[in-house]
Amino acid sequence: MDIQSASVIAAALAIGLASIGPGLGQGNASGQAVAGIARQPEAEGKIRGTLLLTLAFMESLTIYGLVVALVLLFANPYV
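As the structure is a computational prediction, the values presented were derived from the model and not from experiment.

What counts, and where the lines are drawn
- Residues numbered from 1 in each chain as written.
- Predicted model: local features only at pLDDT ≥ 70, side-chain atom pairs only at ≥ 80, totals over all residues.
- Heavy atoms only, no water.
- Helix = DSSP H or I, 4+ residues; strand = E, 2+ residues; numbered from the N terminus.
- Rg over C-alpha atoms; globule rule 2.2 N^0.38 Å.
- Contact = heavy atoms within 4.5 Å.
- Areas by Shrake-Rupley, 256 points an atom, 1.4 Å probe, with all protein chains shown as cover.
- Buried < 20%, exposed > 50% of the residue type's maximum accessible area, 1.4 Å probe, protein only.
- Polar contact = N/O pair within 3.5 Å; in protein donor to acceptor, adjacent residues only side chain to side chain.
- Patch = residues over 30% accessible without salt bridge, like charges linked within 9 Å, V, L, I, M, F, W, Y side chains within 5 Å.
- Salt bridge = Lys/Arg side-chain N within 4 Å of Asp/Glu carboxyl O.
- UniProt positions renumbered as here; feature names shortened; annotations may be inferred.
- Axes fitted to C-alpha atoms, helices over the stretch in contact; angles between N-to-C directions.
- Parallel < 35°, antiparallel > 145°, perpendicular 65-115°, else oblique.
- Nonpolar A, V, L, I, M, F, W, Y, C, P; charged D, E, K, R; others polar.

Participant: What is the right way to look at the overall build of the protein chain in this model?
Facilitator: The number of helices and strands found in the protein chain is 2 helices and 0 strands. A compact globule built from 79 residues should have a C-alpha radius of gyration of about 12 Å, whereas the protein chain, at 18 Å, is more than 25% larger. Taken along the three principal axes of its C-alpha coordinates, the protein chain extends 60 × 15 × 10 Å. Within the protein chain, contacts between residues at least 6 apart in sequence are counted, and of these 78% link residues at least 24 apart. With an accessible surface of roughly 5,500 Å², the protein chain has 72% of that area assigned to carbon and sulfur atoms.

As structure tokens, this is what we get:
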């Protein structure tokens, strides 16, 4: 296996594994936020603001995985 094919496999693993954790976390956070809003409708504004900030931080982890995959594919330092 040469460097190019190993880089493609590593890029696929990077984007795949980088999307699993945030995907599960976003689903869990959204479910808990909906449950919290259902229990306390008057706190909806604070819960929604915190949820959106948390989702943005989780999504940034996926973007880091995408950046690693793009570097491995197009600007590979090992070639």
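Participant: Any chance you could explain the side chain of N76 here in plain terms?
Facilitator: Checked against the element boundaries, N76 lands in the segment after helix 2 (44-74). Its relative accessible area of 13% is what places N76 among the buried residues. Within the structure, N76 has its side chain in polar contact with the backbone oxygen of L72 (distance 3.5 Å). Leaving out residues up to four positions away in the same chain, N76 has contacts with I3, S7 and V71.

Participant: Explanation requested: a nonpolar patch on the surface in the structure shown.
Facilitator: Among the surface-exposed residues, M1, I9, L13, L17, I20 and L24 lie close enough to one another that they form a single nonpolar patch of about 710 Å² accessible area. A residue is classified by how much of its surface remains accessible, and M1, at 80% relative accessible area, is exposed.

Participant: What is the right way to read the UniProt feature "transmembrane region" (unreviewed entry) in the protein chain from this model?
Facilitator: The residues that UniProt annotates with the feature "transmembrane region" (unreviewed entry) are residues 51-75. Measuring from the first to the last C-alpha atom of residues 51-75 gives 35 Å, for a span that is 96% helix and 0% strand.

Participant: Would you mind showing me how to read the packing of helix 1 (residues 3-39) against helix 2 here?
Facilitator: Angle between the axes and distance between the axes are the two parameters that describe a pair of packed helices. At a minimum axis separation of 8 Å, helix 1 and helix 2 run at an interaxial angle of 175°. Relative to helix 2, the element helix 1 lies roughly antiparallel. Of the residues in the contact of helix 1 with helix 2, the class split is 20 nonpolar, 8 polar and 2 charged.

Participant: Help me out: how do you make sense of the environment of V71 in this one?
Facilitator: Among the structural elements, V71 can be located in helix 2. Apart from the residues within four sequence positions on either side, V71 is in contact with N76 and P77.

Participant: What exactly am I supposed to notice about the UniProt feature "domain: V-ATPase proteolipid subunit C-like" (unreviewed entry) in the protein chain here?
Facilitator: Per the UniProt entry, the sites bearing "domain: V-ATPase proteolipid subunit C-like" (unreviewed entry) are residues 9-72 in this numbering. Between the C-alpha atoms that bound residues 9-72 there is a distance of 10 Å. The span itself is 94% helix and 0% strand.

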